[in-house]
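Secondary and tertiary structure notes
Here is how the chains run, residue by residue.
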Amino acid sequence: MEVTALKKKTFEIRRQALKMVYQAQTGHIGGTLSSIDYLTVLYYEKMRFDHNNPDWPGRDRFILSKGHSVEGYLSILADLGFFPKEELATFCQFKTRLIGHPDRRVPGVEMNTGSLGHGLSAACGMALASKRDNAPCRIYTLLGDGELGEGSVWEAAMFAGNYQLDNLYAAVDRNHLQISGKTEEVMQLEPLRQKFESFGFATEVIDGNNIAEILAVLEKLEHISGKPKMILLDTIKGKGVSFMENKAYWHHGLIDQDQYEQALADLAEREGTL
């Protein structure tokens, strides 16, 4: 897909994610909206998979380490045909398999996540296994910046550098907010670029809500061998909805009807400028 088509797709996915949270009256919309641009590029442009055969051995793998931000992820999987779109209406309902975090019962989901700090470790294991099998698979994972307070993230980072996992593409949704407030006030994270570089990562910092920049950085990193990759995505929590942007409340805020209609109007106005 070309850049404009990818941008239009992000609006479609944002609308679907908002609908899921509004109808279910639960969810994590802020971090979902900040990460949709990156997920859209991965799934509609970069990753290799077969929605008719989700366990195809040659597929690339993606792990949503920040598993609470699942609405955009599920919307994309449904849009690509991994499961029927109609099932999205069951999000967080009784007996659904769309339980509010990634679940292996859902085709296309590689790992149950939700307990923070596990995704990078699992991705490292998949990357090492793929290298030892001489498989061409790329392993992608997306972490939240609040998640970086977990020590297991840094153990995994040390592992990735030690084993030169150049088929590992990690990214952090750096929206600077977590449920309890600003990340730098909860647990100081900076200087993040230097930290990951010290563990041996080829590290880039970009505008994580800019489709063209995401495409360019992935293309650049694909030509680097011998190092795991890290993309620090400078994003806006609640991206696309005026009253949600840069507000910690919307980590797990609930949407009423007026807010839902305003959110859709905001997205329509911004999409109209493309």
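So, here is what we can say about the structure in this document. (Residues numbered from 1 in each chain as written. Predicted model: local features only at pLDDT ≥ 70, side-chain atom pairs only at ≥ 80, totals over all residues. Heavy atoms only, no water.)

**Comments concerning unusual backbone geometry**
Leaving glycine aside, a negative phi is the common case for residues, and trans is the common case for peptide bonds. Cis geometry is adopted by the peptide bond preceding Pro191, which originates at Glu190 and carries an omega value of 5°. As for its position among the elements, Pro191 is in the loop between α6 (183-186) and α7 (192-198). Phi at Asn134 is positive, roughly 55°, even though this residue is not glycine. You can see Asn134 is positioned in the loop between α4 (119-132) and β2 (139-144). A positive phi is found at Gln164, a non-glycine position, where the angle reads about 50°. Positionally, Gln164 belongs in the loop between α5 (151-162) and β3 (168-174). For Gln164, a relative accessible area of 46% translates into the label partly exposed. (Helix = DSSP H or I, 4+ residues; strand = E, 2+ residues; numbered from the N terminus. Buried < 20%, exposed > 50% of the residue type's maximum accessible area, 1.4 Å probe, protein only.)

**Digging into the packing of helix α1 (residues 3-24) against helix α3 (residues 71-79)**
For any two helices packed against each other, one specifies the crossing angle of their axes together with the interaxial distance. Packing of α1 against α3 brings their axes to within 9 Å, and their N-to-C directions diverge by 115°. As for the relative orientation of α1 and α3, their crossing is right-handed in sense. For the pair α1 and α3, contact is made by Lys9, Glu12, Ile13, Gln16, Ala17, Met20 and Val21 and by Glu71, Gly72, Leu74, Ser75, Ile76 and Asp79, respectively. (Axes fitted to C-alpha atoms, helices over the stretch in contact; angles between N-to-C directions. Left-handed = near helix turned anticlockwise from the far one by under 90°. Contact = heavy atoms within 4.5 Å.)

**Details of the pattern of salt bridges**
Summed over all chains, the structure comprises 21 salt bridges. Salt-bridge contacts for Lys9 lead to Glu12; the nearest nitrogen and oxygen are separated by 3.1 Å. Taken together, the residues span about one helical turn, with Lys9 and Glu12 both in helix α1 at a distance of three residues. Overall, the relative accessible area of 13% leaves Lys9 in the buried class. In this structure Glu12 comes out as partly exposed when scored by relative accessible area, which is 31%. Each of Lys9, Glu12, Asp79 and Lys85 takes part in one network of salt bridges that share partners. (Salt bridge = Lys/Arg side-chain N within 4 Å of Asp/Glu carboxyl O.)

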